Structures are given as structure tokens and as C-alpha cells.
Amino acid sequence: MSYEANFNSALTYMKLGQKELAIESLKRAMAQIPDKEKTKENAAYLKMLTIISKFNFEKKEGEEAIKNIEEGLKIKDDHSDLLFLKALYLLDNKMFDEMLAVLINYLLTLTSPDRDRYDYEFVGQNAINEVFNNLFPIACKKAVQYKDIMGVVEKIVNASQNEHVKKAYDLMRNIDSKRT
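Residues numbered from 1 in each chain as written. Predicted model: local features only at pLDDT ≥ 70, side-chain atom pairs only at ≥ 80, totals over all residues. Heavy atoms only, no water.

**Side note on the overall build of the protein**
Turning to step 1, where the next piece is worked out: Scanning the protein for helices and strands turns up nine helices and zero strands.
Turning to step 2, where the next piece is worked out: Counting helices and strands in the order they occur from the N terminus, the protein gives α-α-α-α-α-α-α-α-α.
Turning to step 3, where the next piece is worked out: The principal-axis extent of the C-alpha atoms belonging to the protein is close to 60 × 30 × 25 Å.
Turning to step 4, where the next piece is worked out: In the protein, which comprises 180 residues, the proportion classed as buried is 46%.
Turning to step 5, where the next piece is worked out: The centroid of the 27 positive side-chain charges in the protein is displaced by 3 Å from the centroid of its 28 negative side-chain charges. (Helix = DSSP H or I, 4+ residues; strand = E, 2+ residues; numbered from the N terminus. Buried < 20%, exposed > 50% of the residue type's maximum accessible area, 1.4 Å probe, protein only. Lys, Arg positive; Asp, Glu negative; His and termini not counted. Charge placed at Lys NZ, Arg CZ, Asp CG, Glu CD.)

Printed below as a string of C-alpha cells:
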């Protein structure tokens, strides 16, 4: 059976709520992918890394999750779902400065023209609300190098005119104004 067939089996198992069988099929599929096909053009491979990382988080296996996340980000450093999941890992590990940087990178990817190609899960309004209402404020309040990061974000706002990053910068300024 090819990796595509194992991947499709995993998707079917997920729809049926059979997570363990889905994980087994994903692991088989990932083991079958030739190294030369582990590229950003292989959207299925990146989707597999995303799904298996989500399962790792559910099982409280953060270190396994980050291995898969980092593998995917080495291939495609602007993969929205993997950046979102990395931010969650950094939150769990109280790495707020890095989390803030990852969230800014995530926000920059939201206007990417390849959204549909990669079948991103964490680019909808619910995920964006989670970032602005919970993740970003936590990272802003607890980041040690907050001022330096805010300066970089200001430069990004001026250079990119990205509406999501502008909103993040405004949120940072608001939080900063309330600091004692």
C-alpha cells in the first residue's frame, strides 16, 4: 500500500473517530514517503505532520509534537498550521518571547496565496480569535524582551501593511500602556 493510500485510510479512520487506527496509518504513511518527496510541494506530507502533531498534543506528548512541527517548518517555514501548533507548544513550555515571534510569523501567513493548497485548519476566524483573545495577550504580558519584539513588530507593520500584524501591534501597544 502506498503512502497516499495509508494517508487516505488515516483520514477515514479520523472521520470514524478511530484515532489509534488513524495514528497507525499516519505513521505507516510517513515511513513510506521517500526523502526526495519530503518537500513543500508535498502538501499531503505536511498535512500528515500537522495531524500527527495534533494527536501528540492530545496525548500530552509535546516533545514528539515539536519534532514533527520542526520537521515540517524546515520544509515550509511559513506553514500556518505548524506555526499555530508551535505557538501552543511554546505556551506549554512557558517560552513566551519565542511564542510571540512565532505568532507574528503565523499572522503574516494568513494572507498567503497558498492557503487552499495546504488545507490549513488554523486559519479560520475561530483560530484567529484564539490568537488575539488568548494566545497573543498571554505572550505579550509574559515575554521578557517585549519592548524589543514590539519594535520589530512596528517595523513589520510599516513594511508589510498586514492587517493582522497591525492589529497585533495595536494590541501590544494597548497592553504596554497598562504595564506598571
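There is more to say, and it comes next.
**As for unusual backbone geometry**
Turning to step 1, where the next piece is worked out: For Lys94, which is not a glycine, the phi torsion comes out positive at approximately 55°.
Turning to step 2, where the next piece is worked out: Checked against the element boundaries, Lys94 lands in the loop between α5 (80–92) and α6 (96–109).
Turning to step 3, where the next piece is worked out: Overall, the relative accessible area of 63% leaves Lys94 in the exposed class.
Turning to step 4, where the next piece is worked out: Located in the positive-phi region is Asp119, a residue other than glycine, with phi close to 50°.
Turning to step 5, where the next piece is worked out: Take Asp119: it is sitting in the loop between α6 and α7 (125–142).

**Some words on the packing of aromatic side chains**
Given two aromatic rings, one states the distance between the centres and the angle between the planes to describe the pair.
Turning to step 1, where the next piece is worked out: Scanning the model with the defined rule gives three aromatic pairs in all.
Turning to step 2, where the next piece is worked out: With 5.6 Å between their ring centres and 55° between their planes, Phe84 and Tyr106 make a pair best called tilted. With Phe84 in helix α5 and Tyr106 in helix α6, this pair connects stretches of sequence that are 22 residues apart.
Turning to step 3, where the next piece is worked out: Ring plane angle 10° and centroid distance 4.6 Å describe the contact between Phe84 and Phe122, whose orientation is recorded as stacked. Taken together, the residues span a long stretch of sequence, with Phe84 in helix α5 and Phe122 in the loop between α6 and α7 at a distance of 38 residues. For the pair Phe84 and Phe122, one class covers both residues: buried.
Turning to step 4, where the next piece is worked out: Here a set of aromatic residues connected by ring pairs shows up, and it is made of Phe84, Tyr106 and Phe122. (Phe/Tyr/Trp six-rings, centres within 6.5 Å; stacked < 30°, edge-to-face > 60°.)

**Digging into the packing of helix α3 (residues 43–58) against α5**
Helix packing geometry: the angle between the two helix axes and the distance between the axes.
Turning to step 1, where the next piece is worked out: Between α3 and α5, the least distance of the axes is 10 Å, while the angle of their chain directions is 25°. Viewed along their axes, α3 and α5 adopt a mutual orientation that is roughly parallel. Like other packed secondary-structure pairs, α3 and α5 cross with a definite hand, here left-handed. Facing α3, whose interface residues are Leu46, Lys47, Leu49, Thr50, Ser53, Lys54 and Phe57, α5 presents Asp81, Leu82, Leu85, Leu88, Tyr89 and Asp92. (Axes fitted to C-alpha atoms, helices over the stretch in contact; angles between N-to-C directions. Parallel < 35°, antiparallel > 145°, perpendicular 65-115°, else oblique. Left-handed = near helix turned anticlockwise from the far one by under 90°. Contact = heavy atoms within 4.5 Å.)

**Some words on the packing of helix α8 (residues 146–160) against helix α9 (residues 163–177)**
Turning to step 1, where the next piece is worked out: Packing of α8 against α9 brings their axes to within 9 Å, and their N-to-C directions diverge by 145°. The two elements α8 and α9 meet at a crossing, and its hand is left-handed. In this structure, α8 uses Tyr146, Lys147, Ile149, Met150, Val153, Glu154, Ile156 and Val157 to contact α9, whose residues at the interface are Val165, Lys166, Tyr169, Met172, Arg173, Ile175 and Asp176.
Turning to step 2, where the next piece is worked out: The residue inventory of the contact of α8 with α9, partitioned by class, reads 10 nonpolar, no polar and five charged. (Nonpolar A, V, L, I, M, F, W, Y, C, P; charged D, E, K, R; others polar.)

**Concerning the pattern of salt bridges**
Turning to step 1, where the next piece is worked out: Following the criterion strictly, the structure yields 12 salt bridges and no others.
Turning to step 2, where the next piece is worked out: A single network of salt bridges, built from pairs that share partners, joins Lys76, Asp78 and Asp114. (Salt bridge = Lys/Arg side-chain N within 4 Å of Asp/Glu carboxyl O.)

**What about helix α2 (residues 19–32)?**
Turning to step 1, where the next piece is worked out: Relative to the 20 Å expected for 14 residues at 1.5 Å per residue, α2 spans 20 Å between its end C-alpha atoms, a close match to the ideal helical length.
Turning to step 2, where the next piece is worked out: Residues Ala22, Ile23, Ser25, Leu26, Ala29 and Met30 constitute the buried set of α2. All buried residues of α2 fall inside an arc of 165° around its axis, so they share one side. Turned more than 90 degrees off the buried face of α2, the exposed positions are Lys27 and Ala31. (Expected span 1.5 Å × (residues − 1). Arc of directions from axis to C-beta.)

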